[in-house]
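This is what each chain is made of:
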Amino acid sequence: MKIVVLNGSPKGKLSVTLQYIHYIEKAFPQHEFSIIDVSQKMRIIEKDNKVFQKIIDEVGAADGIIWAFPLYYCLVHSNYKKFIELIFERDVTDAFTGKYTAAISTSIHFYDHTAHNYINAVCDDLNMKYVDFFSAAMQDLLKSSEQNKLKLFAENFFKVIENKEPTTKNYMPLIHSNFKYHQGDPASKVEPGDKKVIVITDGLAEQKNLNAMVDRFKRSFSKDIEVVNLNELDIKGGCLGCIHCGFDNICVYQDKDEFVEFFTTKVLSADILIFAGAIKDRYLSSKWKLFFDRSFFRTHQPGLGGIQVGFIISGPLTQLPNVKEIFKSYVEWQRGNLVDFITDEYEESSHIDELLQNLAKRLVDLSDKKYIKPVTFRGVGGMKVFRDDIWGNLRFVFQSDHKFYKKHGLYDFPQKNNKVKAFNRIMMALTTIPFIRKEFPKRIKNEMIKPLQKILKD
Ligand SMILES: Cc1cc2nc3c(=O)[nH]c(=O)nc-3n(C[C@H](O)[C@H](O)[C@H](O)COP(=O)(O)O)c2cc1C
């Protein structure tokens, strides 16, 4: 069979993920593999339609397609996202229709599920026959147990194609609306005081709802607030995955374009941040993805501490819980406070006006009170993944993170807590005594709330 592999790594042939593909190639020599470096060659693919069309022709002639990609900010690399956008924009979806497909990624398992949800949804939108995904940790291929899993995964994929087995869909098509938002005038204005309010948007002239929502939000304030359009920033290119930033957070593009300066002086120093964009396929635009990828020069260091964050989105966000999940995770692990998402889905301009005005008020109130809501599993679990990897395998690569984690007490391993260690030792010993073991279930509920009740009493 002929299998086309769409390589999503900006490192091309030097991709970790690609080594997993080569493993499959070796294990199944009866199949012919064609690997296309989509992310690395994006500039030429976008510019030269012949190059793009050649890829689409290969896809059209294949028996199976493998999406092979590294995780980039809970999704795929911005160039890979751009490629997906081009498939729809250039109306070549037919080449993908009915093709059997599977996805393989490597990552450190930080929100790998949201990236796979995204690719699965894109495949469903393309009416492909999505078989399964394989999410490996970067070094899994070194273990024979994981090699075996990969072989079984690939074997199953080829078997499904050969037997023309039916596949399920996980995502229904998105329903888009033609509603036109017309902004009204604010009855009163929100006083931002000395708060630095920054709106970042990627609004293009034709994105009327998005631009009007941003404008209406801006007019909610008594003072002028800054709006930065990502399309007007000089950003030379996408993240190269070179990890030049690992030692001291210096990006390989550092002074070559405006991104690092913008991110440092505007984003990280804001009191209130608004991210504004329109839904494009199953996420925002690849321009927004570029923003997140390039912010990786801060590596794994939370940077939104104390910042109030709001989202203004045009498009069917409520049908895309995966997108909300990604942004909630982004703000939580960065230690910001996500206040709300306002969209144009309400189909009533005056209601959207109210929501935008109210968002402005809440952002300022919460900023005054320095309120950061407690993090959920997204922030707690996410930071544990980073903590363990930075302390372990990734320490020498991300030396700047190691220093940061040490300095800010982020190495909060439970085994370092001597009080808990001593307490556990005593309790473990006591619970070996038959009487205490028997009493334990009767007492545990009371004992659990005792310290909390003491607080209430005080
Ligand atoms: C800019 C950037 C963003 C990343 N984002 C994530 C992420 O969100 N989750 C994760 O688990 N790994 C993330 N990673 C790690 C890569 O996915 C991982 O190193 C992968 O194995 C690289 O594969 P490749 O060599 O094929 O490009 C990120 C790496 C970079 C450089």
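Just above sits the structure.
What you see is a predicted model, and the numbers here were worked out from it, not measured in a lab.

Novice: Could you give an account of the overall build of the chain, naming the residues involved and the relevant values?
Specialist: In terms of regular secondary structure, the chain is built from 15 helices and ten strands. In terms of overall dimensions, the chain is globule-like: its C-alpha atoms have a radius of gyration of 25 Å, near the 23 Å expected for 458 residues. Taking all 458 residues of the chain together, the buried fraction comes to 51%. For the chain, restricting intrachain contacts to residue pairs at least 6 apart in sequence, the fraction spanning at least 24 positions comes to 83%. For the chain, the exposed area adds up to about 22800 Å²; of that, 56% sits on carbon and sulfur atoms. Across the chain, the 65 positively charged side chains and the 57 negatively charged ones have centroids separated by 8 Å.

Novice: Give a detailed account of the sheet that holds strand 3 (residues 64-70), specifying residues and quantitative values.
Specialist: Sheet architecture is open: five strands sit in the order 2-1-3-4-5, paired in parallel fashion. For this open sheet the edge positions go to strand 2 (32-37) and strand 5 (129-137), each flanked by a neighbour on one side alone. On average, adjacent strands in this sheet sit at an angle of 20° to one another, irrespective of strand direction. Across five bridges, strand 1 (residues 2-7) lies against strand 3 in parallel orientation.

Novice: Lay out the packing of aromatic side chains with the relevant residues and their values.
Specialist: Scanning the entire structure with this criterion turns up 40 aromatic pairs. Ring centres of Phe263 and Phe291 lie 5.7 Å apart, and the angle between their planes is 50°; this geometry places the pair in the tilted category. Remark: Phe291 occurs in helix 9 (residues 286-294) and Phe263 occurs in helix 8 (residues 259-267); sequence separation between them is 28 residues. A single burial state applies to Phe263 and to Phe291, both of which are buried. Just above the ring of Phe52 sits the side chain of Arg90; from NZ or CZ to the centre is 4.9 Å. A cation over a ring is seen here: Arg395 above Trp391, with NZ or CZ 5.3 Å from the ring centre.

What counts, and where the lines are drawn
Residues numbered from 1 in each chain as written. Predicted model: local features only at pLDDT ≥ 70, side-chain atom pairs only at ≥ 80, totals over all residues. Heavy atoms only, no water. Helix = DSSP H or I, 4+ residues; strand = E, 2+ residues; numbered from the N terminus. Rg over C-alpha atoms; globule rule 2.2 N^0.38 Å. Buried < 20%, exposed > 50% of the residue type's maximum accessible area, 1.4 Å probe, protein only. Contact = heavy atoms within 4.5 Å. Areas by Shrake-Rupley, 256 points an atom, 1.4 Å probe, with all protein chains shown as cover. Lys, Arg positive; Asp, Glu negative; His and termini not counted. Charge placed at Lys NZ, Arg CZ, Asp CG, Glu CD. Pairing = 2+ DSSP bridges. Axes fitted to C-alpha atoms, helices over the stretch in contact; angles between N-to-C directions. Phe/Tyr/Trp six-rings, centres within 6.5 Å; stacked < 30°, edge-to-face > 60°. Lys NZ or Arg CZ within 6 Å of the ring centre and 35° of its normal.

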